[in-house]
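Chain by chain, the residues:
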Amino acid sequence: MIGALSSYIILRETGSYTPQATHTEKITSISTEIKTYTQTLTQFSTTSIIVIVKETKTYTYTTYSGESPQKITVVDALNRTLVFDRYPERIVFVGKGARYMLDLFYVFKSAPKKIIAFDTMFKTSPVLQLLEPELDKKAIFTGTPNVETLISLKPDLVIMKSAFKKDGDTYESAGLRVMYVDPETPEGFFRDLMNIGVVMGERDRAAEVASYIKMILTYLHDKLANISETRPRVLFLYYSVKGDTASIKVPPSSYLQNYLIELAGGDSVSKNIPGGQWVEINLEQVLAWNPSIIFVVTYSTNPSPTDVIQRLISDPSWSNIDAIKNKRIYPVPGLEYSWDMPGPKWPLFIVYAASKIYPELFRDFSLKQFLVDYYSRIYDIDLGSAEKIALYDLRGMS
């Protein structure tokens, strides 16, 4: 499905430029090894960032030099060109799935000033609790707000996932501006990151974050360079409970989770499953796949992934599955802010998953240290604050 990481994601910068500064950047967090990278930061008169995925998909992003461009132009997730005369100053984030993307906006320092409203679900976000001083005032609606509610907020821009274009059409028919995001692939994530940087007026910050994530992926690629071509079979399992009924589901081929497993060096058993939503399966299918490794999500604290793992290990009907026999079934960290979802945490899951799939390559790996370093870098916060977010993520891991 997916080749080596180096051919999977490529960030390439082109254009006329003037070197501004040289920085030495250290990655000390992934293991006790220290890798030093030197990066020359440049300011481009025209910048094209091309993300190549599976050798066929490309995305080109063009900006204009200077902090106050004549026009601000982005091409959103639905390939629509949006042109602004000035930077949006009143941004509202709406729709299902917003939980995983809003955290990404807060890598930009102007977010607390420019983001004016979002769903009440964000009151529990450790990132927003730390970085949004007016959290209670801005978390004002639940679910998808009606047009009247949005108009009353007088937004310059409404951000929502492309899957909810029907609602977006309603908003636009009332004269509101909508920009769609869809970070269901690494390609989409980098596109959305750069677009957000444009509308926030912080292009350089977007490029900095993208560069840091690329360094992590490059490090991981180096780690996995000599793994066998026959990769372990990995099942990404969503254990869903509604009332008294439990079901097991897998991500279809288009979902981010399959990409992440493959990037971590696994062979995702659901990578060829068709569908546009989570696909319900039965135990017979799991037995047929007989995965060597299982990662479990619930997107909930009740039950948590760890709760589910204990149930499956104790269930005789699962006992013949290799992952159960060898106790290679693992929780996905983050609970309701799970690391596998579209947003700024999927690089964490790739490294975590790789450390479980190939533990012999990560003997000195410290998950907590990695998290603290990651959050301190992408949110530009002190290590103590980053540790608070890390500890929230690690709830229920034991």
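Let me begin by describing the structure that accompanies this report. The structure presented is a predicted model; accordingly, all values stated were derived computationally and were not measured. (Residues numbered from 1 in each chain as written. Predicted model: local features only at pLDDT ≥ 70, side-chain atom pairs only at ≥ 80, totals over all residues. Heavy atoms only, no water.)

A word on the packing of aromatic side chains
Phase 1 of the analysis: Overall, the coordinates contain 22 aromatic pairs when judged by the stated rule.
Phase 2 of the analysis: Centre to centre, the rings of tyrosine 375 and tyrosine 379 are 6.1 Å apart; their planes meet at 20°, and the pair counts as stacked.
Phase 3 of the analysis: Under the relative-accessibility criterion, tyrosine 375 is labelled buried at 1%.
Phase 4 of the analysis: Among the aromatic residues, those joined into a cluster by ring pairs are Phe236, Tyr238, Tyr255, Trp278, Phe295, Tyr299, Tyr330, Trp339, Phe349 and Tyr352. (Phe/Tyr/Trp six-rings, centres within 6.5 Å; stacked < 30°, edge-to-face > 60°. Buried < 20%, exposed > 50% of the residue type's maximum accessible area, 1.4 Å probe, protein only.)

Some words on the pattern of salt bridges
Phase 1 of the analysis: Counted according to the given criterion, the structure contains 17 salt bridges.
Phase 2 of the analysis: A salt bridge links arginine 233 to aspartate 322; the nearest nitrogen and oxygen atoms lie 3.4 Å apart. Taken together, the positions of arginine 233 in strand β12 (residues 233–242) and aspartate 322 in helix α13 (residues 322–325) put the pair 89 residues apart, joining distant regions of the chain.
Phase 3 of the analysis: Of the charged contacts in the structure, one is a salt bridge between lysine 271 and glutamate 262, with a shortest N-O distance of 4.0 Å.
Phase 4 of the analysis: Look at glutamate 262 and you get buried, because its relative accessible area is 5%.
Phase 5 of the analysis: Linked through salt bridges whose partners overlap, the residues forming this network are Asp76, Arg80 and Glu172. (Salt bridge = Lys/Arg side-chain N within 4 Å of Asp/Glu carboxyl O. Helix = DSSP H or I, 4+ residues; strand = E, 2+ residues; numbered from the N terminus.)

As for the packing of helix α8 (residues 186–199) against helix α9 (residues 203–223)
Helix packing for two helices is described by the angle between their axes and how far apart those axes are.
Phase 1 of the analysis: Interaxial distance between α8 and α9 falls to 7 Å at its minimum, and their mutual angle equals 155°. Relative to α9, α8 is oriented roughly antiparallel. Considering how the two elements wind past one another, α8 and α9 form a crossing that is right-handed. Here Phe189, Phe190, Leu193, Met194, Gly197 and Val198 of α8 come into contact with α9, specifically with Arg203, Ala206, Ala207, Val209, Ala210 and Ile213.
Phase 2 of the analysis: A per-class count over the contact of α8 with α9 returns 10 nonpolar, one polar and one charged. (Axes fitted to C-alpha atoms, helices over the stretch in contact; angles between N-to-C directions. Parallel < 35°, antiparallel > 145°, perpendicular 65-115°, else oblique. Left-handed = near helix turned anticlockwise from the far one by under 90°. Contact = heavy atoms within 4.5 Å. Nonpolar A, V, L, I, M, F, W, Y, C, P; charged D, E, K, R; others polar.)

A short note on the sheet that holds strand β9 (residues 139–141)
Phase 1 of the analysis: Here we have five strands laid out as an open sheet, ordered β9-β8-β7-β10-β11, and parallel in their pairing. Each edge of the open sheet carries a strand with a single partner, namely β9 and β11 (178–181). Direction aside, the axes of adjacent strands within the sheet are offset by 30° on average.
Phase 2 of the analysis: Inspection of the sheet shows strand β7 (residues 91–93) paired to strand β8 (residues 115–119) by two bridges, in the parallel sense. Across the sheet, valine 92 pairs through a bridge with alanine 117, a residue of β8.
Phase 3 of the analysis: Sitting on the sheet, helix α7 (residues 165–173) touches β10 (157–161) and β11, and the angle it makes with β11 is about 165°.
Phase 4 of the analysis: Packing against the sheet, α8 makes contact with β10 and β11, and its axis sits at approximately 155° to β11. (Pairing = 2+ DSSP bridges.)

Coordinates in, geometry out; function isn't part of it.
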